[in-house]
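# Residue-level structural notes
As a plain string of letters, each chain reads:
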Amino acid sequence: MSGTSAALQPPADAVTPVRHPDAPAPGELLGAHYGRCFGCGGEQPHGLHLEARAGEGVSITAEFTVRPAHQGAPGLAHGGVLATALDEALGSLNWLLRTIAVTGRLETDFVRPVPVGTVLHLQAEVTAVAGRKIYCTATGRVGGPDGPVAVRADALFVEVKVDHFVDHGRQEEIRAAMEDPDQVRRVRAFEVNP
C-alpha cells in the first residue's frame, strides 16, 4: 500500500505470524462472529453480510455484494462501507490466530469506484506480530479474485481480553452472547472490533 504510516510498520523484533493449530481449515467458512455485527451478521438487514473463508497460512478470503443500501454517490458504494468491509475482513484474521483483538488503526486507499451490484472480492493476511500488536493487510478487487484492485488497507489490531467488551459493551447484548450455549459462537462474539 502506498503511503503507509510509521504506525503500521512492524518493529524490528516483530515475528512471522503462526496459524493456531485449532484454526479453521483452509477453505472453511468462518461464519458470522456475532449475529448483529454490521459487517458479517445475518441479523442486520442493511449490513454487509460479508462471508469469509480461511485461507492458507494466516490469510482469509471474503466476499460481499454492494447493495443499494450501501451507496454513497448515486449507484456507487460509500467509501465508509468499503472501509468497513476491509476492517471486517482484517478482523476475521484474528480467528486464525485464535486471539481476541480490536482495530487500533486502519489506513485505506480507494483506488477505483465500486458500483452497486458489484461483488467485492477481499483477501487479507497477517504480516507480522509484535507482542499484543497484529499487523495485517487487505485488498478488495472487482470482477473476480484476480480483478483490478478497488480498495486496499493496512491495519494494526491490538490483542485484548474479553473484559474489554464486558466493560464497554451494552450489558443486555453482552449477557446474551455470554449465555449462548454454543461455545464456538460465544467465543466468536468477542473476536473482533469495536
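Residues numbered from 1 in each chain as written. Predicted model: local features only at pLDDT ≥ 70, side-chain atom pairs only at ≥ 80, totals over all residues. Heavy atoms only, no water.

To continue, consider the overall build of the chain. Within the chain one finds four helices and six strands. Ordered by position from N to C terminus, the α and β elements of the chain give β-β-α-β-β-β-β-α-α-α. Looking at the 194 residues of the chain, the share that counts as buried comes to 44%. Summarising the internal contacts of the chain: among those between residues at least 6 apart in sequence, 66% fall at separations of at least 24. By element, 53% of the accessible surface of the chain is carried by carbon and sulfur atoms, the whole surface being about 9,600 Å². (Helix = DSSP H or I, 4+ residues; strand = E, 2+ residues; numbered from the N terminus. Buried < 20%, exposed > 50% of the residue type's maximum accessible area, 1.4 Å probe, protein only. Contact = heavy atoms within 4.5 Å. Areas by Shrake-Rupley, 256 points an atom, 1.4 Å probe, with all protein chains shown as cover.)

Looking now at the packing of aromatic side chains. Counted according to the given criterion, the structure contains zero aromatic pairs. Positioned over the ring face of Trp-95 is Arg-98, at 4.8 Å from the centre of the ring. (Phe/Tyr/Trp six-rings, centres within 6.5 Å; stacked < 30°, edge-to-face > 60°. Lys NZ or Arg CZ within 6 Å of the ring centre and 35° of its normal.)

Time to look at the sheet that holds strand 6 (residues 149-159). Pairing in this open sheet of six strands is antiparallel, and the strands run 1-2-4-5-6-3 from one edge to the other. The open sheet terminates on both sides in strands that have one partner only, identified here as strand 1 (51-54) and strand 3 (101-110). Between one strand and the next, the sheet's axes are offset by a mean angle of 20°, whatever the strand orientation. Pairing of strand 4 (residues 119-130) with strand 5 (residues 133-142), which is carried by ten bridges, proceeds in the antiparallel orientation. Across the sheet, the residue bridging to Ala-130 is Lys-133, located in strand 5. (Pairing = 2+ DSSP bridges. Axes fitted to C-alpha atoms, helices over the stretch in contact; angles between N-to-C directions.)

Our focus in this paragraph is the pattern of salt bridges. Counted under the stated rule, the structure contains two salt bridges. One salt bridge connects Arg-105 with Glu-107, and the closest N-O pair in it is separated by 2.9 Å. With relative accessibility at 37%, the residue Arg-105 sits in the partly exposed group. For Asp-109, the salt bridge goes to Arg-152, with nearest N and O atoms at 3.4 Å. Placement of the pair is Asp-109 in strand 3 and Arg-152 in strand 6, with a sequence separation of 43 residues. (Salt bridge = Lys/Arg side-chain N within 4 Å of Asp/Glu carboxyl O.)

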